Each structure stands twice: as C-alpha cells, then as structure tokens.
Amino acid sequence: MTPASTSPTDIRDLFAKGKSTFSFEFFPPKTPEGADELFKHIADLEKLHPTFVSVTYGAGGSTRDLTHQLVVRLNSQTALNPMPHLTCVGHDEAQIDAILQKYADAGITKILALRGDAPKNWTGEDPYKHFKYAVDLVRAIKKFNASGRHPNPRGFAIAVAGFPEGHPDTPNRVLEIERMKAKVDEGADFIVTQLFFDNHDFYDYRDRCALAGITIPIVAGIMPITSMSGMKRMAELALGARYPAPLLRAMNRTNGDEAAARRVGVHWATEQCRDLLDHRVAGLHLYTLNRSTATKEIYASLGVENSLALG
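A quick note: this is a predicted structure, and the numbers were derived from the prediction, not measured.

So, how was this worked out
- Per-chain numbering applies: the sequence of each chain, read as written, is numbered from 1 onward.
- With pLDDT at 70 or above as the cut-off, local features in this predicted model cover only qualifying residues; side-chain atom pairs require 80 or more to be listed or tallied, and sums for whole chains, interfaces and linings still use all residues.
- Hydrogens and waters are ignored; side-chain quantities use all the structure's heavy atoms.
- Relative accessibility under 20% of the residue-type maximum defines a buried residue, over 50% an exposed one, and the middle range a partly exposed one, all with a 1.4 Å probe and only protein chains included.
- Helical segments are the DSSP runs of H or I of at least four residues, strand segments are the runs of E of at least two, and each set is numbered from the N terminus.
- For two strands to count as paired, DSSP must find a minimum of two bridges between them.
- Look down the strands so they point away from you; if the path from the first strand over the helix to the second goes clockwise, the crossover is right-handed.
- In this analysis, the expected span of each helix is defined as 1.5 Å times one less than the number of residues it contains.
- Any pair of residues with heavy atoms lying within 4.5 Å of one another is described as a contacting pair.
- Any Phe, Tyr or Trp ring, taking Trp's six-membered ring, that has another such ring centre within 6.5 Å forms a pair; planes under 30 degrees apart are called stacked, those over 60 apart edge-to-face, and the others tilted.
- A positively charged side chain is recorded as over a ring if its NZ (Lys) or CZ (Arg) lies within 6 Å of the ring centre. The angle to the ring normal must also be within 35 degrees.

**Q** Whenever I open this one, the pairing of strand E6 (residues 190-195) confuses me. Can you help?
**A** Within a regular beta strand, the side chains point alternately toward one face of the sheet and then the other, so they alternate between its two faces. With 5 of 6 residues buried, E6 lies mostly within the body of the structure. Pairing between strand E5 (residues 157-162) and E6: 4 bridges, direction parallel. Within E6, the position partnered with alanine 159 by the bridge is phenylalanine 190. Regarding the hand of the β-α-β motif, the stretch spanning E5, helix H6 (residues 173-186) and E6 is right-handed.

Below, the structure written as structure tokens:
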C-alpha cells in the first residue's frame, strides 16, 4: 500500500474524504523512568505514522499535569499528533478554559471530552458541580473555539466516547443514544469507542447511532489481549467487557500457556481490525497499554504500515 502524506491535516477533513484513520492510546507514566521507557515504545510506533495518538487523563489531578507534559512532549519532540483526554471531574469553567488555552498555545488540534470517574478517595466538593456530563464539556470547548483564541480558525476537533456494549452508568440503551445525540448536537466531531471484542456489538451501535440521526464518524477502539492475567484485568477496567464464546474457547485451549494466549489475543484483534476495515470503519484506535509490540504485529498483518489513513 502506498504511504499517505504525514503532513498535518485537520482530522475533520480526513474523515470527510472517507479515510479510515489509525490511532493509538497511551497513559502518562508516573515516574521519569516510566516516561523514558514509554518513549522507547513511542519511537517504534512513530514509524507507523498513526493519524493521531490519545493520552489519558487522571481524575482529580492524579495525572493531570503528567498528561499535559506528555502531550506537549509528544507534540514538540515527535512527529505524532496527540489528542489529550479531558474530563469534567473537579473542574470549574475557569480551569477548563485555562487548560484549553494551554493546549491551543501548544498547537494541539483535538480533544477527547469525557465525563470521567472521580477517584474513590475524593474528599472535595461535588466533582461534577460545574460540569455534570460530557455534553457540558463539549459545550465549553465549542465556546472556546468560537472565541477565536485557537491558532486554527476552526478550533479544536472534539471527540467523545462511545460504548458499543452499553455505557456502564446508563443501562437504558435508548437514553444512552439520546445522550450521544445531545453531544453531537452541541458540537462533537467524532466518536471513539470503548474497547469491545465482538464486532457485531460495534455494527449494532453504529446502526443505532445512524437511526438517531448521528452521522459523525465512529472510530472503533481495539485492545489486543496479550496475557490471561491481562484479560481478567481488562474485564475489570472496562467494567464488564464481554468476551465472546469463540474467544473464550480459543483462550481455554492455550491451557495457561502465556505465549499461546498472546498469539490468540493478537490474532483475534487483528481479525477484528480486518473485518472492521472491510466494513468501512471510520477508524481504528488501538489501546497500547504503553507497549508497541502487539500493535506493530497487527499493523504488519493488516499491511497498513506507514499509512496515515487509507481510502
């Protein structure tokens, strides 16, 4: 496949051209040693020329500064195009405005707006006093864009989270889609989904969004399983990720062999990606857990190395 141009492109224009984007997610290391280790993997992934990379954000200040530092470092020291996460937790309007201004000044072009979870040991005022839902954060980013203070006249591209298996706090699936529609109506530009292991869940979610009049691009979140223990942790972190029976049978056949379990997990994720591309997914977002090996293997199997995005 012919490599796409790596020159900066507004992701909204890329989606408008019908391109499938490729992106990764990192989380901020908590130590300088961790940061150095992460950048070793980033150097490997940078060679794949992803469309963008996202950086997670700890609630209540747990990794707030670390997120900003990593985003700025990625933007200034690599060719990667970072998209920071931003949550409602513990922020007032002035704080959100100041954070957005910092990112605008640093040349950041996209934000993932999330409600976020308050830390279990939260002791301050209501963490959602000023921003109750992600839709409120989307509205604030749109207001910042309208102020003209971003060097890009169009301001930040705004991403929001989608949940193919259902939002853990919204068991009413009709209400869930209504809330997504509200975020779109307020100015969200694209959706990045939580991880899932059965593509039927994604296709059903995409169809339900379309029926509700949600036409913005939906990027599929994929996390390759690389160990049995990681599979169990993943279910906890994803608040009940559903493992399809064929995947469970394949994992059971490994009889505890971690190398075999990793092969099964990476193969499953690769086949998910292949099928999603065949069904014209707007993009693939790989949760890397700050490692590069599995992601590189998936890229090699798909034949999409060195591609910013594919038509």
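So that's the structure; there's more coming.
**Q** Looking at this structure, how should I read helix H5 (residues 134-147)?
**A** Given 3.6 residues per turn, any residue in an α-helix points the same way as the ones three and four places further on. Compared with an ideal rise of 1.5 Å per residue, which puts 14 residues at 20 Å, H5 spans 20 Å between its outermost C-alpha atoms and is within 8% of the ideal. Close packing links the buried residues of H5 with strand E3 (82-87), helix H4 (93-105), strand E4 (110-114), E5 and H6. A positive backbone phi angle near 80° is found at glycine 148, which sits one or two residues after H5.

**Q** It is not clear to me how the packing of aromatic side chains should be interpreted in this structure. Could you clarify?
**A** Think of a pair of aromatic rings as described by two things: how far the centres are apart, and how the planes are tilted against each other in angle. This model, assessed by the stated rule, comprises 8 aromatic pairs. On the numbers, 5.7 Å between centres and 55° between planes, the contact of phenylalanine 24 with tyrosine 299 is tilted. One end of the pair, phenylalanine 24, is in strand E1 (residues 20-26); the other, tyrosine 299, is in helix H11 (residues 293-302), and 275 residues separate them in sequence. In this structure, phenylalanine 24 and tyrosine 299 share a single accessibility class: buried. Here the aromatic rings of phenylalanine 197 and tyrosine 243 are separated by 4.9 Å at their centres, their planes lie at 40°, and the arrangement is tilted. Of the two residues, phenylalanine 197 sits in the loop between E6 and helix H7 (199-211) while tyrosine 243 sits in the loop between helix H8 (228-237) and helix H9 (245-252), which places them 46 residues apart along the sequence. Per residue, the accessibility class of phenylalanine 197 equals that of tyrosine 243, and both read buried. Ring pairing ties together the aromatic residues Phe15, Phe52 and Phe190, which thus form one cluster. The ring of tyrosine 128 has arginine 115 sitting right over it, with the charged end atom 3.7 Å from the ring centre.

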